[in-house]
Amino acid sequence: MTFAVYLPLLLALPLTVTARRIAARGTPGSAAWALTVAAVIAAACSTWSLILLALTMLDDLPPLSALDDHPTLELPEPVPGPIALVAGLLLLAGGARLLTDVRLRLATYRDLRAISEPGERFVVADLATPMAVAVPGTARRPGHLLVTTGILRLLDADERRVLFAHERAHLDRHHHRLVAAAAAAAALNPLLIPVRETVAYLVERWADEDAAADVGDRALTAKAVARAALATAGTPPLTALGIGGGAAVQRVRALTAPAPAPRRRRLVVPMLVVVVFLAVVTVATGEFIALARAWL
Amino acid sequence: MTTKDGRRAPGTLEAGVMGVLWAAATPMSAADVQRELGGELAYNTVQTILIRLHEKKTVERRRAGRGHVYWPVEDAATAAASRMRAALAGLPDRRAVLQHFAQALDDADAELLRDLLAGTEQRRQP
């Protein structure tokens, strides 16, 4: 086995490096989709690489290592034992992180869903903390909005229309699925954590654009987002997007600019990464099959 | 999100009315609510929503003059608040898996946002 099996472990990097630039321009929806699909494929490929590397430990199993005593039957030893061992450990760690993330998400949604009566589309919680959550539904019941009295009192009637339109956009477009898929990819391959953060940001931008189109006023939408964010000032940010201010600042800035036009060219990088990934993984798998034949 | 025929998605109308009632300090009549919503909805629509909310026991009302004044039922919201707090308690931070309209920010960002907000305000004035 040559370098092909190691490549997918690093190929996530071009995606990580370009994610922010992809998010900066164009419509947020297409970028969110492209980055999520690319991240999921990147994570699947790097996991498959780890599986192949870990499987080379099989040559240490008694029936195979017994063959080592026959000098005439020299077995190929393509991957050094320690590397295979590290691959196995990384695989286990990734699996554990994935499990933790999925369980955390499902439990949080389940507990938040339990707050509303079935069929209720809007629930108010009497809390001073300004919060609004789009609680995703299930196959049997639609999602609902959960808002605190803190945020209702903070915004005026027009700004509340922005808020409701924004949260409804999250529900109607099933944004939680994209975010969960990107998070699963980042759990398996931590190099993809910046991509997960970018997808979470893009989903907010997407709902902002939907809300702006719905209320027909970008400046009003910007004002609502800014006022809601300012009310939380002083508390540490949950996600930092780095350069040029945090996510809230970038959302407001994007809304004060004209509505974005689709720019398909910026999606070339994630698509290219996907194609290269699939090619490399095919080569690595072919090599592994050849190796397994030599062993047996 | 509006539906295809221009009507608002289910729940959004009720959310608008409930938002007004919660933001208000005192009970409101249907006319008060309609005015607060900026004339976005017809008086009869507001009236219908309020009656429906009253039937669902989400709002309470009492007679005032020729009509009623309405205010939100606090018990349900208090119960929802404690369940929400319980749902988001614990480690790791469960809020991190949710999408947030109100995004937390540091002091430098707050300064930037105030500037941006000032810019928007100016631009909105013709």
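Quick caveat: nothing in here was measured; it's all calculated off a predicted structure.

Student: Looking at this structure, how should I read the overall build of chain A?
Tutor: Counting secondary structure elements, chain A contains 12 helices and three strands. By residue count, 52% of the 296 residues in chain A fall in the buried class. Contacts in chain A between residues at least 24 apart in sequence constitute 75% of all its contacts with a sequence separation of at least 6. Surface summary for chain A: the accessible area is close to 13000 Å², and the carbon and sulfur share equals 67%.

Student: Teacher, can you tell me more about the sheet that holds strand β2 (residues 59-64) of chain B here?
Tutor: Neighbouring strands of a sheet are bound in pairs by backbone hydrogen bonds; such pairs are parallel or else antiparallel. Residues and elements named next belong to chain B. Spatial ordering of the open sheet is given by β1-β3-β2, a layout of three strands whose pairing is antiparallel. Each edge of the sheet is formed by a strand with only one pairing partner; in this case those strands are β1 (28-29) and β2. With two bridges joining them, β1 and strand β3 (residues 67-72) adopt antiparallel strand pairing. Bridge assignment links S29 to a residue of β3, and that residue is V69. On the sheet, helix α3 (residues 43-55) packs against β2 and β3 and is oriented at approximately 120 degrees with respect to β2.

Student: Would you explain the interface of chain A and chain B in this entry?
Tutor: Interface size is commonly expressed as the accessible surface area that is lost when the partners come together. With 76 residues of chain A at the interface, the matching set in chain B holds 54 residues. Between chain A and chain B, roughly 5800 Å² of surface is buried when both sides are summed, and carbon and sulfur atoms account for 67% of that area. Inspection of the region where chain A meets chain B yields two salt bridges. Ionic pairing is found between R94(B) and D111(A), a salt bridge with its closest N-O pair at 2.8 Å. Scanning the region where chain A abuts chain B turns up five residue pairs in polar contact (both at pLDDT 80 or more). Ranked by the residues each element gives to the side of chain A that touches chain B, the list is headed by helix α7 (residues 157-172) of chain A, at 13 residues. Grouping the amino acids of the side of chain A that touches chain B by side-chain chemistry returns 44 nonpolar, 12 polar and 20 charged.

Student: Teacher, can you tell me more about the UniProt feature "transmembrane region" (unreviewed entry) in chain A here?
Tutor: Taken from the UniProt record, the annotation "transmembrane region" (unreviewed entry) applies to residues 6-23, 35-58, 78-100 and 267-292 of chain A. The span residues 267-292 of chain A is 96% helix and 0% strand, and its two end C-alpha atoms sit 38 Å from each other.

Student: What is the right way to look at the nonpolar core in this model?
Tutor: Taken as a class, soluble globular proteins show a tendency for nonpolar side chains to be buried jointly. Ranked by internal contacts, the top residues of the largest apolar core, which has 54 residues, are V147(A), I151(A), V33(B), F101(B) and L113(B). Examining the composition of this core, we find that eight residues originate from one element, helix α10 (residues 218-231) of chain A, more than from any other. Beyond its immediate stretch of four places on either side in the chain, V147(A) contacts F122(A), V123(A), V124(A), A125(A), M131(A), A132(A), L152(A), L163(A) and F164(A).

Student: Even after reading the chapter, I still don't get the sheet that holds strand β1 (residues 122-125) of chain A, so can you show me in this structure?
Tutor: Residue and element names in this part refer to chain A. As summarised here, the arrangement of the three strands in space is β1-β3-β2, forming an open sheet in which the pairing is mixed. In the strand order of this sheet, the two ends are held by β1 and β2 (132-135), each with one partner. Geometrically, the sheet is characterised by an average inter-axis angle of 20 degrees between neighbouring strands, direction not taken into account. As paired strands, β1 and strand β3 (residues 144-148) are joined by four bridges and run parallel to one another. By the bridge assignment for β3, F122 is matched with L145.

Student: Can you help me understand the pairing of β3(A) in this one?
Tutor: Look at any regular strand and the pattern is simple: side chains alternate between the two faces of the sheet. All names here are of chain A. For β3, a buried count of five out of five residues is recorded, marking the element as mostly surrounded by other parts of the structure. Where β2 and β3 come together, four bridges link them in antiparallel fashion. Looking across to β3, one finds that V133 is bridged to L146.

Student: Would you mind showing me how to read the confidence of the model for chain A here?
Tutor: Any segment with low pLDDT has predicted coordinates that should not be analysed in fine detail. Summing up the model confidence of chain A, the mean pLDDT is 83 and the portion of residues at 70 or higher is 87%. Confidence, expressed as mean pLDDT per element, reaches its minimum in chain A at helix α4 (residues 62-65) of chain A with 55 and its maximum at helix α8 (residues 175-188) of chain A with 95.

What counts, and at which threshold
Residues numbered from 1 in each chain as written. Chains lettered and ligands numbered in written order. Predicted model: local features only at pLDDT ≥ 70, side-chain atom pairs only at ≥ 80, totals over all residues. Heavy atoms only, no water. Helix = DSSP H or I, 4+ residues; strand = E, 2+ residues; numbered from the N terminus. Buried < 20%, exposed > 50% of the residue type's maximum accessible area, 1.4 Å probe, protein only. Contact = heavy atoms within 4.5 Å. Areas by Shrake-Rupley, 256 points an atom, 1.4 Å probe, with all protein chains shown as cover. Pairing = 2+ DSSP bridges. Axes fitted to C-alpha atoms, helices over the stretch in contact; angles between N-to-C directions. Buried area = accessible area lost by both parts, 1.4 Å probe. Salt bridge = Lys/Arg side-chain N within 4 Å of Asp/Glu carboxyl O. Polar contact = N/O pair within 3.5 Å; in protein donor to acceptor, adjacent residues only side chain to side chain. Nonpolar A, V, L, I, M, F, W, Y, C, P; charged D, E, K, R; others polar. UniProt positions renumbered as here; feature names shortened; annotations may be inferred. Core = buried A, V, L, I, M, F, W, Y, C linked by side-chain atoms within 4.5 Å. pLDDT = per-residue confidence, 0-100.

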